[in-house]
Structures are given as C-alpha cells and as structure tokens.
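Residues per chain are reported as follows:
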Amino acid sequence: MVNKLRTASNIGINAYEVFVETDVVNSLPGVSIVGLPDAAVNESKDRVKSAIKNSGYTFPAKRVIVNLAPADLKKTGTGFDLPIALGILVEEDVLDAEKMKDYAFIGELSLDGGIRGVNGVLPLVLGLKDAGVKNVIVPKSNAKEAALNGEVNVFGAESLNEVVAHFTDKKLAQTFVDAQKYLSEKIEQDYLFDFKMVKGQFKAKKALEFAAAGGHNLLMSGPPGSGKTMMAKCLPSILPPLELSEALELTKIYSVCGLLSPDEPLVTVRPFRSVHHTASANGIIGGGSNPKPGEITLAHRGVLFLDEMVEFPRSVLEVLRQPIEDGEVVISRTKHSIKYPADFMLLGAMNPCPCGYYGDKKGCSCTDFQRNRYLSKLSGPLLDRIDIRVDVPRLDAEDLMKMTADGEGSAAIRARVVKARKIQAKRYENEGILTNSELNSKQVRKYCVLDEDSKKLLKSASIQYGLSGRKYDRILKLARTAADLEGSEEIKALHMMQALQYKLS
C-alpha cells in the first residue's frame, strides 16, 4: 500500500510543498527515487538504508519506490532523507501513517541514524505553513530557526529513533521563539568603527548620513589615505535597526546560503558586504546550475561596499544597473527562473585617477588620456543611478595633528537617521516600500512636494545641466530625504540645494 508524507523543497528563497510517496513491491531488492531528484537526493538511498538498519529497524528485502511529487519540479538538497526513511518505516508497520498526516518532515540522516541540519529551513517551513501544515519535525539544530515562523508547531529531533518515539511513545519537546522579542534584545550593538574616530571630513560624513536616512547610493572619490574606507566601515553604526519583516526576509536568504548559526537563528543586523575587486559577475549577481544568491542579495536591506570601485571590471559593474533600479535580480536558466531580492545601498570608494592624486596638493602625474581611460569604467548609466557623489580630500596638517576627532559620534547621527526612517515608514505604510530611494516615478510626484523656491532651483539646474528623467527623479528623492532629516513635510529651497550639491558634484 502506498503511503504519503509531506515535506518541502526550495526554489530560490521560496518553497513549495512536496509529497514523498513510498511503495514496496515484490521485486529484486533496491531503492528507486523518481520525481526529478538531484544528485544529493538520489544519494539519500544509501544514507537512509544505513540509518534505518543502525537505528535497530529492518530494511525491506524488496523493491522500494519513492516518488517526489509534483514530479515536474526539480528537488534539491538533503532534507528529503527523513521523510523517505519514515515512509519506509510506515511500510514496515513500525509507524502509523494516520498519526503522521498533520506533520511535515525535514532532515538529513547520518549513517548512524542521527539527524543533521539542512539549509533553507525557514523558507521551507513558511512554504509548508502556506500549504496548511500545522506541525513540522526538523533537525534539532534548525529548530529555533524553524520556530521563527510563529504559527506552525516545530519539534526538533536529533535522531530517527526520537522521531519514531514521537509517534509511538515519547513526544518531542516543542520549540518556541518569540521573533519580535529576540530582535528587540539584539538592537543594541557594539560597533568596531564609530564616526567619533573620523577627523574632519564633515561634508562626507553628512553625505553618509543622507545615504543612511534615505537608502541612497553613494560614491566617494579622493586620494589615498583620505579616510574613504574608514568612513565606509563606520556606516553600519548609523544604520537604523531592522524591522521584523526585514529580519525574517534576510534570515530566509542567509538560511538558503547556509550562513546561519544554530545559536543565532535570526539575522538581527543590517548586512555590510565588502567585495574585493576580483569578484566575478556571478559572484556579485548570483548563479550556478542551481542558482544561489550573490553578494547583492546577501546585501539586501543593507550595504554593498565596493572599495577601489574603478578597479572592478566594467562588465561586473554594469550588471549592477538593473538590480539597483528594480531592487531585485532574476537569474534565468533553461528550465526555470529564480527571483532574489536585491534592495541594497551601493557604497563605492575610488581614487580620482590612476596615481590617486588628481586635484591634491601632492600633484597628479597622470595624463588626460590615462585619467579618462581610468574613469571610463564607470559608465554614464551607472553613475546616473548613484544618488550622492562626494569628494573626500586629504586632511590638512591642522586636522591631522588633532589627538581626537571633533565631530559627532555615531549615536547622535543614528538618532537622526532613525527619526527620518520612521517618518518614511509611516508615510509609505500603504505603498509597500520603506525608504525614499524606493519611490517610483508616480510616487515621486505624489510625495516630493516642492515649494516655489525649490521649484525654481530645480528648473534652473535642469536647464543648466540637461538633467535626464532618472537624475531628475533621484534629485527629488534626495531632497525628500533632506526634508525628512529636518522633520519638514514640504521640500524647501535649502533641501533642494543640498540634493543638487550631492547629486551634481
């Protein structure tokens, strides 16, 4: 008699329900797994056989057929081991399928019958929740992560015998995690870099405050040693804390990539991904035969930092254009396409020329041709998508001789950033966005209301600089952020001047 157990499989960071159908027929002993299994799923037959025998049960001396339905979608990963083994034990009359109908099962089996953790458990459980599953048994090491879903009852098991006992003798302990409370307890962070450590550079620090407040892209240009990289490393210290919805979305991403710790089941800080200029386009965007998230997805709701940005191959930089515009990336393969979120802040740092000293007191040794070739790696369309451009000059002797920095610390700046983000969250609560940088053209017209003086300034800049439609909208978004930092609902002339200064510099 065929029995049917429930599990799930991931496509990207989303999951769909899978039914593991098991049947034992009179034929030569063996195991067949059908339903588009990948290599890891196909190899489960050996793990399952050893796990069952070493747990003290009998493996059928007949032909075992396992079907993973729906059969037209590819199944990946090792989380199918546990439901396959349980299906076989049902066929051996060790378990009663009726008692298991309200459960789903996820887990990799070791040869001794232990249950190992798997990647992507949170999205799997969320997919099962949408399918109406009420209970799920997962590896003990994944139990806290799975319990973040808030609705499905989660039971963590360390061995196949514990799962069998759950339905015959001794119930497993249920795992509870209050995701909101867990996140609240992790809000206070110790940052290695603080803006108190930065001497001078008031304009650049203000630009970083604007970027953090509105989620804007920023490019810093200056000679070596001017503090670009250090200020970039200070940026996480002024970013606002994650909302629960953002934390869960990030946790799904990091879970699929296997980057979660069993002791830290929820991502509680905004990511700051610093990428070396030798990174490939696939490393940045994501890819592979079974496409995995790239750096732009790992930087979702956080920062992607490209130090020495001009040293990246132009082909790598150009692949950023569409994700910056859309806030997501679609990786297409022959049989399917996968969509990953990629709503990140792009933070770039670069020298103004190959020698690094163009415009500096030290003097530049580069020719015009060398400078133009160097800067040509940053195309016009890419620069158009960068909201803020700021020059970072070398500190003068007076600033260098100061024993301590004299500017604001990160705590004071962060307080203003958080206040501005709260204004935006309330304003856009019915729009499905969180920051000014996410506004589309229609929303820009609705929410970026100018007074007469700011209209005149913008009109004058449009005529003088021949602004493109994209640059025009991005100036309005930046001006909206300047107004939010001052708590003004209307965009005034001062806010427009600040936006024009940063965008057109």
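Note: the structure precedes this text.
Predicted model, so just to flag it, every value in this text is computed and none were measured.

Chemist: Any chance you could explain the sheet that holds strand E18 (residues 345–350) here in plain terms?
Modeler: Whenever strands of a sheet pair, they do so through backbone hydrogen bonds, lying parallel or antiparallel. Reading across the sheet, the 5 strands line up as E12-E15-E18-E11-E19 and stay open at both edges, with parallel pairing between neighbours. In this open sheet, the two edge strands, each paired with only one partner strand, are strand E12 (272–275) and strand E19 (388–391). Averaged over all neighbouring strand pairs, the angle between strand axes comes to 15°, with direction disregarded. Judged from the 4 bridges that link them, E12 and strand E15 (residues 303–306) form a sheet pairing that is parallel. Paired with Arg 273 across the two strands is Leu 304, which belongs to E15. Packing against the sheet, helix H8 (residues 202–214) makes contact with strand E11 (218–221), E18 and E19, and its axis sits at approximately 165° to E19.

Chemist: Quick question: what am I supposed to make of H8 here?
Modeler: With 13 residues, H8 ought to run about 18 Å at 1.5 Å a step, and its terminal C-alpha atoms sit 19 Å apart, in line with that. H8 sits mainly inside the fold: 10 of its 13 residues count as buried. Restricting attention to buried positions, one finds in H8 the residues Ala 204, Lys 205, Ala 207, Leu 208, Glu 209, Phe 210, Ala 211, Ala 212, Ala 213 and Gly 214. Backbone geometry just after H8 places Gly 215 at a positive phi near 70°.

Chemist: What am I meant to see in the nonpolar core here?
Modeler: The nonpolar side chains of a soluble globular protein tend to be buried with one another. Of all hydrophobic cores here, the largest spans 50 residues; its most connected members are Leu 218, Leu 235, Leu 347 and Met 496. Ignoring any residue separated from it by four or fewer positions in sequence, one finds Leu 218 in contact with Ala 207, Leu 208, Ala 211, Leu 346, Leu 347, Gly 348, Ile 386, Ile 388 and Val 390. Judged by nonpolar contacts, the second largest core, of 46 residues, contains Leu 304, Met 309, Ala 342 and Phe 344.

Chemist: Even after reading the chapter, I still don't get the pairing of strand E4 (residues 63–69), so can you show me in this structure?
Modeler: Side-chain direction in a regular strand flips from residue to residue, so the side chains alternate between the two faces of the sheet. E4 sits mainly inside the fold: 5 of its 7 residues count as buried. Sheet topology note: the strand E3 (residues 30–34)/E4 ladder contains 5 bridges and is parallel. Considered in E4, the bridge of Gly 30 is made with Arg 63.

Chemist: Whenever I open this one, unusual backbone geometry confuses me. Can you help?
Modeler: Negative phi is the rule for most residues except glycine; trans is the rule for most peptide bonds. Residues Ala 69 and Pro 70 are joined by a peptide bond in cis, for which omega reads 5°. Note that Pro 70 resides in the loop between E4 and helix H3 (81–91). In this structure, Arg 301 takes a positive phi of about 65° despite not being glycine. In this fold, Arg 301 is placed in the loop between helix H12 (295–298) and E15. Accessibility expressed as a relative area gives 18% for Arg 301, which makes it buried. Residue Glu 308 is not a glycine yet carries a positive backbone phi of 50°. As for its placement among the helices and strands, Glu 308 is situated in the loop between E15 and helix H13 (314–318). Note on Glu 308: relative accessible area 30%, which makes it partly exposed.

Chemist: Help me out: how do you make sense of the environment of Asn 119 in this one?
Modeler: Structurally, Asn 119 is set in the loop between strand E7 (115–116) and helix H4 (121–130). For the pair Asn 119 and Ser 255, spaced 136 residues apart in sequence, the C-alpha separation works out to 5.6 Å.

Chemist: Could you clarify how one ought to interpret empty space enclosed by the protein in this entry?
Modeler: Where empty space is left in the structure can be found by rolling a water-sized probe over the atoms. Scanning the model with the defined rule gives 1 cavity of 30 Å³ or more in all. The calculated volume of the largest cavity comes to roughly 140 Å³. In the lining of the largest cavity, the residues fall into 4 nonpolar, 4 polar and 6 charged.

Chemist: Mind showing me how you'd approach helix H6 (residues 160–168) here?
Modeler: The α-helix winds at 3.6 residues per turn, so residues separated by three or four positions along the chain end up facing the same way. Three or more residues of H6 are buried, namely Leu 160, Val 163, Val 164, His 166 and Phe 167. Along H6, the residues classed as buried sweep out an arc of 150° about the axis, all on the same side.

Chemist: Explain the pattern of salt bridges to me, please; I cannot follow it from the model alone.
Modeler: When charged atoms on two side chains of opposite charge get close, those side chains can pair. Using the criterion set out here, one finds 29 salt bridges in the structure. Here Arg 301 makes a salt bridge to Glu 246, at a shortest N to O gap of 4.0 Å. Residue Arg 301 is found in the loop between H12 and E15, and its partner Glu 246 is found in helix H10 (residues 244–256); the two are separated by 55 residues along the sequence. Note on accessibility: Arg 301 and Glu 246 belong to one class, buried. Ionic pairing is found between Arg 385 and Glu 325, a salt bridge with its closest N-O pair at 3.4 Å.

Quick notes on the rules
Residues numbered from 1 in each chain as written. Predicted model: local features only at pLDDT ≥ 70, side-chain atom pairs only at ≥ 80, totals over all residues. Heavy atoms only, no water. Pairing = 2+ DSSP bridges. Helix = DSSP H or I, 4+ residues; strand = E, 2+ residues; numbered from the N terminus. Axes fitted to C-alpha atoms, helices over the stretch in contact; angles between N-to-C directions. Contact = heavy atoms within 4.5 Å. Expected span 1.5 Å × (residues − 1). Buried < 20%, exposed > 50% of the residue type's maximum accessible area, 1.4 Å probe, protein only. Core = buried A, V, L, I, M, F, W, Y, C linked by side-chain atoms within 4.5 Å. 1 Å grid on protein atoms, 1.4 Å probe; cavity = no way out; pocket = protein on both sides within 12 Å on 5 of 7 lines; lining within 4 Å. Points joined across faces, edges and corners; volume = space filled by probe spheres on them. Nonpolar A, V, L, I, M, F, W, Y, C, P; charged D, E, K, R; others polar. Arc of directions from axis to C-beta. Salt bridge = Lys/Arg side-chain N within 4 Å of Asp/Glu carboxyl O.

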